[in-house]
Amino acid sequence: MKLRTFLAPTPLVVICTFLAPTPLVINEVFYDPLGSDRGFEFVEIVNISGDDVCLGGWRFETGNGAYEDRWKLEWTGEQGDTLRAGEFFVVGESQVFPEPDVICDLDLQNGPDACRLVGPNGQMDVVGWGQLEFDTYFEGSPAAGVAAGHSIGREPDGKDTDCNEADFTDLAKPSPGDYNHPPLDLALMKACLSRYSTQRGNFIDLVCLIANRGLYAFGEGTPIFGQFDEFQGSSIISEDIEPGCEDRYVIRMPNPGEGFFTCRLWLENREDLVSSNDSLNMTFVIKPSPVVINEILFCPSGMDCEWIELLCRKDGIDIAGWTLEDSHHQPITIVDQSYPLRRGDMVVLVEDKQIFEAKHPNFSPGKAIHPIGGWHSLNDNDGPLGFADEIVIRDPYGTTIDSIAYCRDWCECGLSLERIDPVSSSTDAGNWSPHYGEDVGSPGTTNSVSILLPESHGVLKLAPSVITPNGDGKDDILGIRIDLPQACNVDLNIYDVRGIPIITLLSGNQIEAGRTTLWNGLNSEGEPAHTGIYLVVLRAKSNRNGTTYEAKAPVIVIQR
């Protein structure tokens, strides 16, 4: 017997149930399961009185609506069965879950038909559904019939106005032995990391969406908890949430720094009648991501196919259940079994594994993955949104691990698009470059334009210190990393040792905090700079308070 405490929904219903001739009513009927009906039908009874009721002598019967008064006995209660006030009692078939209080074969028809509960003293509750002709099969007006897989149930639970049409509603999710519509029920729907949470702050904010699925305004004073690793935080619902409404609350927690984290969130309220929706697990990423999109061939030529390379920056990352999306946002599963990655590992998602391995024979076969969900063809030309296509990698919780929206002019056909700095943002166009050197790209190996910038507290960092821009794919590009404490308008220029300007790389560009820019060794005329020493000069001015930042650093150019 299901231990549920029934709450009368409104004072009006309390009066109605007091006047009703029966202390027990049929609360839910599941008469048309999906597929074969056998094994899954059930009827739920609820005690709406304030007293315990002995079920001995009570009968449950089904009616055939094609005839005027034809009833079939399905179940008779035994003297040893007692239904306490406010509890549910389920008579159902063998496949019903949770297991019914009584298991028996039922003959509930799809309609127009009926069932009734008859007490030993003549008390009676009749429930009919569909277009019934004979009034012995319903009270007031029959309830509307529902689609296969749905049940009919009282809303609120126990409501009995002696009119089936008014009392019963369509339930898309049958709930044997449980509330059709719980009086008090908060649900923790979802949570995400606030977009204002960054690696630099002392705290992060987790935004929680909480819904009231009950019948009454509810929730004031309910604590909300969050925990990941050794960190824990909490918040509190400040006021009742109205029925059918949602509200957002923020849990502030210590900032753990960059990485990928799994967090458990939960509500604690003893009056909440449904515990199954009071907790959830979520993931969040504090940039830079532990796995980044590192290289893309979106416009292959010759004998190659489309492919996307992922680079793992941290140990202990498992991509089981991760998905790949394009701009249509239809996720396809990459792998469905455990696939652990270590720091520095590269895997390539390929359109056609056979074509890819034939084109790149030196690539490790175990690191080429054709997603089990198929492949989205990557667009080559810009669309109405201003980019060619978007690539999104998500984990099983739907958290975005990394994404990029690339444009057609970022790379010519037949060459891959390479990431310059794995730490810099994927959304920064300045962090991407066409492949330099031989072949179409560098799947599984270091990108030809990869820049490993030194750790520094300065606002300007360069790597490498010497460039040889001759197109051989080695030290052809100078990486320039700008890190600012606040949003600024930035000028970035390169001068020779005499102070003569060579090229302007940025002019009044707004940078929020960090950005990586490249110099390919050419001057403003598109000609190679001569062998010599050059100065990279940064000037930045804050948009907020006018603070200025200036820095310069040398680089050597050697033409071979």
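**Overview of the pairing of strand E29 (residues 400–406)**
Within a regular beta strand, the side chains point alternately toward one face of the sheet and then the other, so they alternate between its two faces. With five of seven residues buried, E29 lies mostly within the body of the structure. Direction of pairing for strand E28 (residues 389–394) relative to E29: antiparallel, over a ladder of six bridges. By the bridge assignment, Glu390 is partnered in E29 with Ala405. Taking the residues between adjacent antiparallel strands as the criterion, E28 and E29 are bridged by five residues, where Gly398 takes a positive phi near 90°.

**Quick notes on the packing of aromatic side chains**
Counted according to the given criterion, the structure contains 15 aromatic pairs. With a centroid separation of 5.4 Å and an interplanar angle of 25°, the aromatic rings of Phe225 and Trp266 are classed as stacked. Placement of Phe225 in strand E15 (residues 223–228) and of Trp266 in strand E18 (residues 259–267) is noted, with a sequence separation of 41 residues between them. Of the two residues, Phe225 and Trp266, both sit in the buried class. Each residue in the set Phe228, Phe231, Phe261 and Phe284 is aromatic and connected to the rest through ring pairs, giving one cluster. The ring centre of Tyr67 lies 3.6 Å from the NZ or CZ of Arg70, which sits over that ring. Directly above the aromatic system of Trp71 lies the positively charged group of Arg116, at a separation of 4.1 Å from the ring centroid.

**What to know about the pattern of salt bridges**
One pass over the structure, following the stated rule, counts 17 salt bridges. Across the pair Arg59 and Glu61 runs a salt bridge whose closest N-O atoms are separated by 3.1 Å. Arg498 serves as the salt-bridge partner of Asp496, at 3.0 Å between the closest nitrogen and oxygen. Using a relative accessible area of 9% as the deciding quantity, one classes Asp496 as buried.

**Digging into the state of the cysteines**
With the rule as written, the count across this model stands at one disulfide. The disulfide partner of Cys299 is Cys413, and the gap between their sulfur atoms is 1.8 Å. On the S-S bond that ties Cys299 to Cys413, the torsion sits near 65°, and the link is right-handed. Of this pair, Cys299 sits in the loop between strand E20 (291–297) and strand E21 (307–312) while Cys413 sits in the loop between E29 and strand E30 (417–419), placing them 114 residues apart in sequence. Given a relative accessible area of 7%, Cys299 falls into the buried group. The closest cysteine sulfur to the non-disulfide-bonded Cys54 is located on Cys104, 18 Å from its own sulfur. For Cys54, a relative accessible area of 34% gives the class partly exposed. No disulfide involves Cys192; its sulfur sits 8.6 Å from that of Cys208, the nearest cysteine. Judged by its relative accessible area of 43%, Cys192 falls in the partly exposed class.

Rules used in this analysis
Residues numbered from 1 in each chain as written. Predicted model: local features only at pLDDT ≥ 70, side-chain atom pairs only at ≥ 80, totals over all residues. Heavy atoms only, no water. Buried < 20%, exposed > 50% of the residue type's maximum accessible area, 1.4 Å probe, protein only. Helix = DSSP H or I, 4+ residues; strand = E, 2+ residues; numbered from the N terminus. Pairing = 2+ DSSP bridges. Phe/Tyr/Trp six-rings, centres within 6.5 Å; stacked < 30°, edge-to-face > 60°. Lys NZ or Arg CZ within 6 Å of the ring centre and 35° of its normal. Salt bridge = Lys/Arg side-chain N within 4 Å of Asp/Glu carboxyl O. Disulfide = S-S within 2.5 Å.

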